[in-house]
Amino acid sequence: MSNVSIVIPNYNGMTYLENCLLSLEKQTYQDFNVILVDNGSTDGSKELVLERFPNVTLLDLKVNTGFCKAVNEGIKASHSPYVILLNNDTTADREFVGELVRSITHNKQLFSVGAKMLKMKEPNKIDDAGDYYCALGWAFAVGKGSNACKFTEEKAVFAACGGAAIYRVSILEEIGLFDENHFAYLEDIDIGYRAKIFGYQNFFTPKAQVYHAGSGFSGSRYNKFKISLSSKNSIYLIYKNMPLLQIILNVPFLFIGFLTKMIFFLLKGHFITYVSGLCKGITFCFTKEARAHKVHFSVNKIGNYGKIQLELWANIIHCIRG
């Protein structure tokens, strides 16, 4: 049994997949296996894996089930104490796996550790250095577009970016896998949030590096699919993880946050798409499926909720500063 399983969700990722898998073959740390979960690709990427990478386990889901379902199937197929999730449009530095393992094993309270994600076309700039979530209802990548040399220290973050992060499987077994109601987008914030409710921590390490092409799944930063699904999930994320009193406490901040986003997408020409997504999110929260996945409030966890709330307020400042 390997110490780590690397799960790569793939949907028509032929453009980048070969370099991604080749970079894993060059890792200095080798106690891992690779599981590629294919979401019904038609571009020849499955055939590439079968022909060129016989040591990679291929799970063929036949249709596009979304990011969450794909990674969950990969996690279920793993028999390792740690799982690394890795986007198919990344190329990993030689120390990537080893540094993630080193970081997460030094503290049993760590649920996840995210890597330093660099822009593939501009490797001196950050793509993601950990994810924050704030009381405005906004999730944002730390340091996006900033000079990479500014991010040299390990630190606590709200959640690790699921594009390149390691997770402790024993905690996944305790808190549950990725919520497939998300399909894609904000699922990594959700699972990091859930871990924090249970008293665990999420970290970022700059010593594990990957180069990320970006928008490998949906095609661009602002498109109708991504905007609609992200806005829907932003409502569901709040409903699912915040007790009613905490939602009420944050209403003024959430009102400002969502109003600001409405104005932003109005200027981008996507106002109707964004608002429609919000409406879908509100409607979904009244379903049995949503209620079944809502995190059960426990008085024993009230201290964790308090810490999270303080972090949500503090992260507004991080968001404004960029």
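Residues numbered from 1 in each chain as written. Predicted model: local features only at pLDDT ≥ 70, side-chain atom pairs only at ≥ 80, totals over all residues. Heavy atoms only, no water.

Caption draft 1: Spotlight on the pairing of strand β6 (residues 110–119). A large share of β6 lies buried, amounting to nine of its 10 residues. Where β6 meets strand β12 (residues 201–212), eight bridges bridge the pair, whose relative direction is parallel. Pairing of G114 across the sheet is with F204, part of β12. Sheet topology note: the β6/strand β7 (residues 126–128) ladder contains two bridges and is antiparallel. Within the sheet, the bridge partner assigned to M117 lies in β7 and is D128. Here β6 folds back onto β7 in antiparallel fashion, the turn holding six residues. (Buried < 20%, exposed > 50% of the residue type's maximum accessible area, 1.4 Å probe, protein only. Helix = DSSP H or I, 4+ residues; strand = E, 2+ residues; numbered from the N terminus. Pairing = 2+ DSSP bridges.)

Caption draft 2: A look at the environment of T152. Mapped onto the secondary structure, T152 falls in the loop between β9 (139–141) and β10 (155–157). For the pair T152 and P206, spaced 54 residues apart in sequence, the C-alpha separation works out to 5.5 Å.

Caption draft 3: Region of interest: unusual backbone geometry. Phi is positive for N12, which is not a glycine, with a value near 50°. Among the secondary structure elements, N12 is positioned in the loop between β1 (4–10) and α1 (14–25). Relative accessible area serves as the criterion here: at 29%, N12 is assigned to the partly exposed category. Despite not being glycine, Y185 has its phi angle at roughly 80°, a positive value. On the secondary structure map, Y185 appears in the loop between α5 (169–175) and α6 (187–197).

Caption draft 4: Molecular detail of α1. End to end, α1 covers 18 Å across 12 residues, agreeing with the expected 16 Å (1.5 Å per residue, within 8%). The complete set of buried residues in α1 reads L17, C20, L21, S23 and L24. Viewed along the axis of α1, the buried residues span an arc of 155°, placing them on a single side of the element. In α1, the exposed residues that point more than 90 degrees away from the buried face are T15 and E25. Summarising the contacts, the buried residues of α1 are in contact with β1, β2 (32–38), α2 (45–52), β4 (82–86) and β5 (90–92). (Expected span 1.5 Å × (residues − 1). Arc of directions from axis to C-beta. Contact = heavy atoms within 4.5 Å.)

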